[in-house]
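Report on the structure
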Amino acid sequence: MVDLWASRFSEPMDELVKKFTSSIDIDKELYKYDIAGSIAHTKMLSKCRIIKEEEAERIIQALDKIKKDIEKGKVNFSQKEDIHLAIEEELIKREGEIGEKLHTARSRNDQIALDERLYLREEINEIISLIGAFQNTLLEVAEKNLGVIMPGYTHLQYAQPIFFSHHLLAYFWMLERDKERFRDCYGRVNVMPLGAGALAGTSLPIDREYVAKLLNFPRISENSLDTVSDRDYIMEFLSDVALLMMHLSRLSEDIILWSSPLFSFIEISDTFTTGSSIMPQKKNPDVAELIRGKTGRIYGSLISLLTSMKALPLSYNRDMQEDKPPLLESIEIVKTSLKLYPRMLDGIKINKEKMRKAAEKGFFAATDLTDYLVEKNVSFRKAHQIIGTIVKECLKEGKTFQELSFKDYQRYSPLFQKDVFERIKLESCVFNKESAGGTGKKSLGKQIKKAKKKLEIAFSG
Ligand code: ARG
């Protein structure tokens, strides 16, 4: 078949140009949205008496059949320009002149916008539910390991001891924000573009609201020019994916560090690690590393589309076809990462003793000792100075806070009482961080409750 748009040309398209301009290898993935859009469009054309009811019925039946045939691999996509033309050509091949009526009052420019919006709506919902499932695993692992204490870090230096569960739940809240962002993005994706035509709208008496109703869109786009030149919703989606992947990448970094022999806090199960082809002893955290690595690809996708779009005059330009490879690839990466993570985390073996030993290092009680003096009415700066001096002298003598005698403490400040030894125990330093959102025992309990509530609301609503 010659190209559907070929009548104004005298010569066929150059073969390399044909290959270069074709997007079928990628946009064939959108076939079911393209068909759903075409069916809704056909119903509208018939309702508005632009085509006859019988014609619409034939088109819809044929489109349903084409969809099934695509799923059975029976429709040949090779040599096609894009999914829109491929399906329309197939329809015309099967239905002749009636099939030629499908594209009435429509352009591929509003059609692709519709396909992408329909596609993204589904993908966003799936991503949101995958995030929810991962949050659920984070909560479960946090609850299973309630008493486990680990060092908390700033600058990757020992800072203050915390509950391991508190560390895990930090990711719960990052993911909660990610979910909110995707929900928000969904609202801007969920706008019906069809009817914008090539760019100007149409002189035919179409009913855009009806198409919106059929496809479950709460509203239609307001400006035909904007409609066909808008890819904001894809860039917004990709930014949300970039943030989510950044979170997964940071978790990966934690997992990689914790599983390294330098830390030995956790062991990743054999099913989620790989060996070395030369060093027989190696067990590598490749899944975490690849999630961290693929985050770079996701950023690339966002930047690539932002760059493609930045100097396009209104309205549609073929450059915009380049939105699909980064979009589809990003979705594949983010969904696979979200599927892998809960399974990897669930299978992790936690080495409590190693975590505790590490938490006991490095003057973990320094801030608590400062607070101890503050409670006795010493100014914070003064208290900080006193404890700083104790640290300095301990370092000189190779001692820890726990090894100092009561007399030693008194030498630094007469305000130190015997209860200071209770205060500098590892457990005390973790349990007592009861400010809202702190790692303390009760605070953590409250946090877990709130996290559970968030998930319950998500599941019920
Ligand atoms: N394959 C095109 C894309 O993805 C569809 C729209 C083409 N429109 C056109 N006038 N050539 O953007």
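Our structure's up above, just so we're on the same page.
This report concerns the structure included in the present document. (Residues numbered from 1 in each chain as written. Predicted model: local features only at pLDDT ≥ 70, side-chain atom pairs only at ≥ 80, totals over all residues. Heavy atoms only, no water.)

Here we look at helix α13 (residues 352-359)
Keep this limit in mind: Exposure is judged per residue with a 1.4 Å probe applied to protein chains only, and the accessible area is read against the type maximum: over 50% gives exposed, under 20% gives buried, and values in between give partly exposed. Only DSSP runs of H or I reaching four residues or more are called helices, and only runs of E reaching two or more are called strands; each is numbered from the N terminus. Summarising the geometry, the arc corresponds to the directions from the helix axis toward the C-beta atoms. In this analysis, two residues are considered to be in contact whenever any of their non-hydrogen atoms come within 4.5 Å of each other.
Restricting attention to buried positions, one finds in α13 the residues Met355, Ala358 and Ala359. For α13, the angular spread of the buried residues around the axis is 100°, confining them to a single face. The exposed residues of α13 that point more than 90 degrees off its buried face are Glu353 and Lys357. Among the structural elements, β1 (149-154), β2 (157-163), α7 (164-189), β5 (266-267), β6 (349-350) and α18 (426-431) are those in contact with the buried residues of α13.

Overview of the packing of aromatic side chains
Note on aromatic pairs: each is described by the distance of the centres and the angle between the planes. Short version of the rule: Under the pairing criterion, centres of Phe, Tyr and Trp rings, with the six-membered ring standing for Trp, must be within 6.5 Å; the plane angle then separates stacked pairs below 30 degrees from edge-to-face pairs above 60, leaving the rest tilted. Remark: a charge is flagged as sitting over a ring if the NZ atom of Lys or the CZ atom of Arg is within 6 Å of the ring centre and within 35 degrees of the ring normal.
Applying the stated criterion to the full structure yields 13 aromatic pairs. Aromatic side chains phenylalanine 134 and tyrosine 341 sit 5.4 Å apart centroid to centroid with 20° between the ring planes, which places their arrangement in the stacked category. Pair noted here: phenylalanine 134 is in helix α6 (residues 108-144) and tyrosine 341 is in helix α12 (residues 324-346), with a separation of 207 residues, a long-range link. Residue phenylalanine 134 is classed as buried on the basis of its relative accessible area of 1%. Relative accessible area serves as the criterion here: at 0%, tyrosine 341 is assigned to the buried category. Feature note: the residues Tyr153, Tyr158, Phe263 and Phe265 constitute an aromatic cluster, connected by ring pairs. Positioned above the aromatic ring of tyrosine 210, the side-chain terminus of lysine 47 is 4.7 Å from the ring centre. The positively charged end of arginine 117 is found above the aromatic ring belonging to tyrosine 233, 3.8 Å away from the centroid.

Remarks on the packing of helix α3 (residues 31-47) against helix α4 (residues 53-71)
In plain terms, the rule: Lines are fitted to the C-alpha atoms to define the axes, a helix being fitted only along its stretch in contact, and any angle between axes, read from their N-to-C directions, falls within 0 to 180 degrees. Roughly parallel means an angle under 35 degrees; roughly antiparallel, over 145; roughly perpendicular, 65 to 115; everything else is oblique. Note on residue categories: nonpolar means Ala, Val, Leu, Ile, Met, Phe, Trp, Tyr, Cys or Pro, charged means Asp, Glu, Lys or Arg, and polar means any other residue, Gly included.
Two elements in contact, α3 and α4, have axes separated by 9 Å at closest approach and are oriented at 175°. One finds that α3 runs roughly antiparallel with respect to α4. Contacts between α3 and α4 pair Tyr31, Lys32, Ile35, Ser38, Ile39, Thr42, Lys43 and Ser46 from the former with Glu53, Ala56, Ile59, Ile60, Leu63, Asp64, Ile66, Lys67, Ile70 and Glu71 from the latter. Of the residues assigned to the contact of α3 with α4, the class counts are nine nonpolar, three polar and six charged.

Notes on α3
Here is the rule we go by: The length a helix should cover is 1.5 Å for every residue beyond the first.
For α3, spanning 17 residues, the distance from its first C-alpha to its last is 24 Å, which sits close to the expected 24 Å at 1.5 Å a residue. The buried count for α3 comes to 13 of 17 residues, which makes it a mostly enclosed element. Just downstream of α3 lies arginine 49, where phi reads positive at about 60°.

Details of the side chain of threonine 21
Here is the rule: Here a polar contact is taken to be a pair of N or O atoms separated by no more than 3.5 Å, where protein atoms must pair a possible hydrogen donor with a possible acceptor and residues adjacent in sequence count only if both atoms sit in side chains.
Topologically, threonine 21 is positioned in helix α1 (residues 15-21). Within the structure, the side chain of threonine 21 is placed 3.3 Å from the backbone oxygen of lysine 18, a separation counted as a polar contact. In this structure threonine 21 touches Met13, Arg318 and Gln321, once residues within four positions along its chain are discounted.

Focus: the pattern of salt bridges
In plain terms, the rule: The working definition used for a salt bridge is a side-chain nitrogen of Lys or Arg within 4 Å of a carboxyl oxygen of Asp or Glu.
Scanning all chains against the criterion turns up 36 salt bridges. Between aspartate 82 and arginine 108 there is a salt bridge; the shortest N-O distance is 2.7 Å. With a gap of 26 residues between them, aspartate 82 in the loop between α4 and α5 (83-95) and arginine 108 in helix α6 connect regions that are remote in the sequence. When its relative accessible area of 4% is taken as the criterion, aspartate 82 is described as buried. Judged by relative accessible area, which is 24%, arginine 108 ranks as partly exposed. Of the charged contacts, one joins glutamate 360 and arginine 356 as a salt bridge, the two residues approaching to 3.4 Å between their closest N and O atoms. Residue classification places glutamate 360 among the partly exposed positions, given a relative accessible area of 38%. Among the residues examined, arginine 356 registers a relative accessible area of 26% and is labelled partly exposed. One salt-bridge network, held together by shared partners, links Lys65, Asp69, Glu90, Lys93 and Arg94.

Some thoughts on the environment of glutamate 360
Mapped onto the fold, glutamate 360 is located in the loop between α13 and α14 (366-375). As for glutamate 360 and glycine 73, which are separated by 287 residues in sequence, their C-alpha atoms are 62 Å apart.

With respect to the site of the ligand
Worth spelling out the cut-off: Nearness is judged by heavy atoms alone; a residue qualifies as near a molecule or strand once a single heavy atom is within 4 Å of it. Only the protein chains shown count as cover for residues, and the accessible areas themselves come from Shrake-Rupley with a 1.4 Å probe.
Around the ligand sit Ser23, Asp27, Asp82, His84, Arg108, Asn109, Ile112, Tyr316, Arg318, Gln321 and Lys324, and that is every residue in its neighbourhood. The side chain of aspartate 82 places a nitrogen or oxygen atom 3.2 Å from a nitrogen atom of the ligand. Taking glutamine 321, its side chain carries an N or O atom lying 2.9 Å from a nitrogen atom of the ligand. Relative to its unbound accessible surface of 340 Å², the ligand loses 87% to contact with the protein. Looking at the shell around the ligand, the element that brings in the most residues is α6, giving three residues. Split into classes, the residues belonging to the shell around the ligand amount to two nonpolar, four polar and five charged.

Details of the state of the cysteines
Stated formally: We call a pair of cysteine sulfur atoms a disulfide whenever their separation is within 2.5 Å.
This model, assessed by the stated rule, comprises zero disulfides. With no disulfide of its own, cysteine 394 lies closest to cysteine 429 among cysteine sulfurs, the gap being 14 Å.

Side note on the environment of leucine 251
For leucine 251, the location among the structural elements is in helix α10 (residues 232-259). On the basis of relative accessibility, which here comes to 1%, the residue leucine 251 falls in the buried class. Considered as a pair, leucine 251 and tyrosine 341 are 90 residues apart in the sequence and their alpha carbons are 9.6 Å apart. Apart from residues lying up to four places away in sequence, leucine 251 is in contact with Phe134, Tyr171 and Tyr341.

Thoughts on the pairing of β2
Let me state the cut-off plainly: At least two DSSP bridges between two strands are required for those strands to pair.
Two strands pair when backbone bridges link them, and β1 and β2 are joined in this way by six bridges, in the antiparallel orientation. Pairing of methionine 150 across the sheet is with isoleucine 162, part of β2. The loop that links β1 with its antiparallel partner β2 comprises two residues; one of these, histidine 155, has a positive phi angle of about 55°.

Re the packing of α6 against α7
What counts is decided by this rule: In this scheme, a crossing is called left-handed if the near helix is turned counterclockwise away from the far one by less than a right angle; it is called right-handed if the turn is clockwise.
α7 packs onto α6 with a crossing angle of 165° between their chain directions and a minimal axis gap of 9 Å. The angle between the axes of α6 and α7 places the two elements in the roughly antiparallel class. Helix-helix and strand crossings are classified by hand; for α6 and α7 the assignment is left-handed. Class assignment for the residues of the contact of α6 with α7 results in 19 nonpolar, four polar and seven charged.

Scope: geometric values only; no functional claims are made or implied.
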